[in-house]
Amino acid sequence: MRAGAIFLAFFLLFTCASIAVPVPMFPGNMVQTWLDIPYLSAIINGLTYGFITWMVFLFVNRRIEKSLSTNP
C-alpha cells in the first residue's frame, strides 16, 4: 500500500514539475519530438521517474525488513 502511494506521489510531482517548468527532460523530450502530442512528455517523465522512485523504495524497504528480521 505504501509503495503505491509513493509511486502516485512521485508521478504527480514529476508530472506537475514537467508541466510547470518547460525544461526538456529525458525521456519525455524524446517522445515529444517523435509524436508531437502536448503534455505527453510530462506524463512520460512522471511515469518514468515515479517508477524509478518506486523501485528504489521497494529495494530499500525489503533490505530494511530483511535486516530487522535477522537481528534479534
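Residues numbered from 1 in each chain as written. Predicted model: local features only at pLDDT ≥ 70, side-chain atom pairs only at ≥ 80, totals over all residues. Heavy atoms only, no water.

*Asks:* Looking at this model, I keep getting lost on the overall build of the protein chain. Mind explaining?
*Replies:* Helices and strands together make up the secondary structure of the protein chain, namely three helices and zero strands. For the protein chain, whose C-alpha radius of gyration is 16 Å, the value lies well above the compact-globule estimate of 11 Å for 72 residues. Its C-alpha atoms give the protein chain principal-axis dimensions of roughly 55 × 15 × 15 Å. Split into buried and exposed, the 72 residues of the protein chain put 21% on the buried side. (Helix = DSSP H or I, 4+ residues; strand = E, 2+ residues; numbered from the N terminus. Rg over C-alpha atoms; globule rule 2.2 N^0.38 Å. Buried < 20%, exposed > 50% of the residue type's maximum accessible area, 1.4 Å probe, protein only.)

*Asks:* Explain the packing of helix α2 (residues 28–35) against helix α3 (residues 40–70) to me, please; I cannot follow it from the model alone.
*Replies:* Helix packing geometry: the angle between the two helix axes and the distance between the axes. It is at 8 Å that the axes of α2 and α3 come closest, and there the two elements cross at 145 degrees. Pair α2 / α3 crosses with right-handed handedness. Only L40, S41, I44 and N45 of α3 make contact with α2, whose side of the interface consists of G28, N29, V31, Q32 and L35. Classifying every residue of the contact of α2 with α3 gives four nonpolar, five polar and no charged. (Axes fitted to C-alpha atoms, helices over the stretch in contact; angles between N-to-C directions. Left-handed = near helix turned anticlockwise from the far one by under 90°. Contact = heavy atoms within 4.5 Å. Nonpolar A, V, L, I, M, F, W, Y, C, P; charged D, E, K, R; others polar.)

*Asks:* Hey, could you run me through a nonpolar patch on the surface in this one?
*Replies:* Taken together, the side chains of F51, I52, M55, V56, F59, V60, I64 and L68 present a nonpolar region at the surface, about 770 Å² in accessible area. Relative to the helices and strands, V56 is located in helix α3. Among the residues examined, V56 registers a relative accessible area of 48% and is labelled partly exposed. (Patch = residues over 30% accessible without salt bridge, like charges linked within 9 Å, V, L, I, M, F, W, Y side chains within 5 Å. Areas by Shrake-Rupley, 256 points an atom, 1.4 Å probe, with all protein chains shown as cover. Salt bridge = Lys/Arg side-chain N within 4 Å of Asp/Glu carboxyl O.)

*Asks:* What is the right way to look at the side chain of S18 in this model?
*Replies:* Looking at the secondary structure, you find S18 in helix α1 (residues 2–20). Exposure remark for S18: the relative accessible area of 15% places this residue in the buried category. Leave out the neighbours within four places in its chain, and S18 touches M25, A42 and N45.

*Asks:* Teacher, can you tell me more about α3 here?
*Replies:* Every α-helix carries 3.6 residues per turn, so stepping three or four residues along brings you back to the same face. Between its first and last C-alpha atoms α3 spans 45 Å; for 31 residues at 1.5 Å apiece the expected length is 45 Å, and the two agree. Here α3 has its buried residues at L40, S41, A42, N45, G46, G50, L58 and N61. (Expected span 1.5 Å × (residues − 1).)

*Asks:* Looking at this structure, how should I read the packing of α1 against α3?
*Replies:* The interhelical angle for the contact between α1 and α3, taken along N-to-C directions, is 150 degrees, at an axis separation of 7 Å. Note that α1 runs across α3; the crossing there is right-handed.

*Asks:* Hey, could you run me through the confidence of the model for the protein chain in this one?
*Replies:* For residues with low pLDDT, the predicted coordinates do not support detailed interpretation. Summing up the model confidence of the protein chain, the mean pLDDT is 89 and the portion of residues at 70 or higher is 97%. Per-residue pLDDT, averaged within each element of the protein chain, yields its smallest value for α2 (86) and its largest for α1 (92). (pLDDT = per-residue confidence, 0-100.)

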